Every structure is written in C-alpha cells, then in structure tokens.
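Take a look at the letters that make up each chain.
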Amino acid sequence: MPINNIALLVVVLLCFVAVLLVLNLKEHRQVQAKNQQLNSYEQILNQAGAYIYVKDIHCRYVYANQLTLDFFGVTQEQLKGTTDTHYFPKAVAKLLLQNDRKVLALQLKIADDIMVEGDQDGSCHVFHEVKQPLFDDKGKLSGLIGVSTEITDEYNLRSELEQLANTDPLTGLYNRRSFNAFSEHEYARAMRYFEPLSLMIIDIDLFKGVNDTYGHLIGDEVIKRVALVCAQHIRESDVLARIGGEEFAILLPGTDTDSAYKLAERLRASQQTYRFPGQHEANDLPEVTISIGVSTLSVKDKSFAQMLSRADKALYSSKNVGRNSVHVA
C-alpha cells in the first residue's frame, strides 16, 4: 500500500478515535450531570421531613428516603423487595396492603390515617398517609409512591378536645350533647327494628340545700357518688350521662318498662344507703336520695324528644309525691 494511503488511513482512524473520545466525554458528562441531578433530588427527599417511598406493582419496596430507612432500621439495599410485613404489626401491615391494592387497582390517589403501636415501649404513633399510582414513560402502571407524615401530637390534641367536648369534667360521664347524639341513634334503631327502649331521668333530691349547707365541695362529691352508683348498676350497652347540674340520664337499649322500673328501684335504694363524706365527723348529715322518672318507647312517638318529655314529667311526679321515689310515665 502506498505511503500516502497509509497516512490517510491513520488520519481517518485518529479522527474516528477523536470523535469517539468526544462522544464518550459528552456522554460521561451527561451521565455525571444526571447523577448530580439525582443526588440533588435525593438530598431534597431526605430533607423533606416526611416518610417517602416507592413500591412496585406487587407492593414491594423499591426505594425509600433516609427518614423511612431510619424508621425501618435498614439500608437502601436491604429495603428492596421487602413488604410492610417486615416492619409493622400484622394488623397494620394488612391495612397498608389493602390501601396499596386499592391505589393500584383503581389507579387513584387515596389518603388515610394509620395508627402504629410500638412493641417495646407501648407507645402509639399516628401517620397521615397519601398514596398515588406511578406510571412509566409509556403510560403503563409501574407501582405507587407514598408520602407519610407523623401527626401523633395533632391526633392526641384532637382526641383530647373531642373528649372535652363530649364528657362532663366532674364525673367523666357523657355530657348532654353526647347523650342526645347517642339517644337519637338508638331511638332510630329501635323504631326501625321494633325493639324496646327505655329512658330514666335521675335528679338528686334537695341538692340546692346540700350546696347551701355543706358547700360546693361536698356537693361535687355527692354528684360523683350518684354517678358512681349508677355506673355500678348499668350494662355496657347502656348510656349514662350527666345532663344538668344535679340531673342524670340513662338510656337503656333493649329494655322494657318492667326491667327499667326494677333497675330504677335498685338505683334509688343503693343511693339511699349512702351518706355524705365526713359522716363520721357529723352524725346529723342527711341522707342523699334521688328521684327517678322512667319512660319507654311508644310506637306513637314521632321523635326521641317525646320520650324524653314523658320521662321528665314522670320525674316531676316522683318529686311531687315526696321525692326518693320512682315514677313510670
């Protein structure tokens, strides 16, 4: 081969190599830039202050940010291919799996509050979880992404506020608001299924005189004692509430008139045997007695208010005959 041709071939080869080097360098820089971008995204996810993760279509983990990894106590490699059964109690894992399958089947975003109880210290954590489906470049479902934030403090505060709104602070019983809600529900159910339902209204006799004579501290003890006596005699299905200053109510599902009257008499007799705190210091303290009005659901009732009104009238009848008695409407 002539020398000129060889030189030309060498030049062509060198140019080809140079082009390859340039392309490789360009590709390397692109990969490097992409990796830097991914690293930047990774840093953002790790600083998001939320638990972020990705699962495949079989509900197996394929990625999680550092906060999630720390919570699970695993590395990124150890995480891959695992499921929630590796990290959560059985009941929680089952609920999480149900939500995952719902997201994948319906291909819709869902949100839920998840409560997780600690195995070691008995602590309870609540998380607000949002999940939505993930799709590849061709629009095919590839898995789901989830974002969870801990809302334990907010949940506890909400629960405390709800409890304050629904309970009587002195006795710990339901207040009138809660009692009305329970009563409306039980009334509707009893009417629908033709089941008996009874109600009793309880009032502490001469309570104003108790407060005036012995003071409000003793008065509060009397109220708590009446609440305790009532609580000791009712069933778990019954609803006991303090609906006024010295007035209580008990809703009795599945209870007819005769059974309600017998219970009311037991309450009245039990309360009559109790004397004020401090009776060992003052033998002249009067007995604490109660009067009770009882009503039972009638097919003619148009609302729970009518049943309540009859119980109130029965209570006044008990007061009028000398107190410390039970009267049935």
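Per an unreviewed UniProt entry, the protein goes by the name diguanylate cyclase and belongs to Shewanella metallivivens. What UniProt states about the protein under its Catalytic activity (unreviewed entry) heading is, verbatim, "2 GTP = 3',3'-c-di-GMP + 2 diphosphate".

One open sheet holds the five strands; their spatial order is E2-E1-E5-E4-E3, and the pairing between them is antiparallel. Strand pairing shows two members of the sheet lacking a second neighbour, strand E2 (61-64) and strand E3 (110-117), which therefore form its edges. With direction set aside, neighbouring strand axes in the sheet form an average angle of 25°. Here E3 pairs with strand E4 (residues 124-135) via eight bridges, running antiparallel. Of the residues in E4, the one forming a bridge with Asp-113 is His-128. Helix-sheet contacts for helix H5 (residues 152-166) involve E3, E4 and strand E5 (141-150), and the interaxial angle to E4 is about 120°.

Here we take up the environment of Ala-50. Position of Ala-50 among the secondary structure elements: in the loop between helix H1 (3-46) and strand E1 (51-56). Take Ala-50: its relative accessible area is 7%, and that puts it in the buried class. When the C-alpha atoms of Ala-50 and Val-147 are compared, they prove to be 6.5 Å apart, with 97 residues separating the residues in sequence. What Ala-50 contacts, discounting residues up to four positions off in sequence, is Asn-65, Leu-67, Val-147, Ser-148 and Thr-149.

Turning our attention to the nonpolar core. The biggest cluster of nonpolar side chains holds 25 residues, and the ones touching the most others in it are Met-200, Ile-202, Ile-204, Phe-248, Ile-250, Leu-267 and Ile-292. Contributing elements (two or more residues each) for this core: strand E6 (197-204), helix H7 (207-214), helix H8 (216-233), strand E8 (247-253), helix H9 (257-272) and strand E9 (290-296). At five residues, the largest contribution of residues to this core is made by H8. Apart from residues no more than four positions distant in its own chain, Met-200 is found in contact with Phe-248, Ala-249, Ile-250, Leu-252, Ala-260, Leu-263, Ala-264, Leu-267, Ile-292, Gly-293 and Val-294. Core analysis: the second largest hydrophobic core is formed by 21 residues, Leu-69, Phe-72, Val-74 and Ile-114 among them.

Reading the values: the criteria
Residues numbered from 1 in each chain as written. Predicted model: local features only at pLDDT ≥ 70, side-chain atom pairs only at ≥ 80, totals over all residues. Heavy atoms only, no water. UniProt positions renumbered as here; feature names shortened; annotations may be inferred. Pairing = 2+ DSSP bridges. Helix = DSSP H or I, 4+ residues; strand = E, 2+ residues; numbered from the N terminus. Axes fitted to C-alpha atoms, helices over the stretch in contact; angles between N-to-C directions. Contact = heavy atoms within 4.5 Å. Buried < 20%, exposed > 50% of the residue type's maximum accessible area, 1.4 Å probe, protein only. Core = buried A, V, L, I, M, F, W, Y, C linked by side-chain atoms within 4.5 Å.

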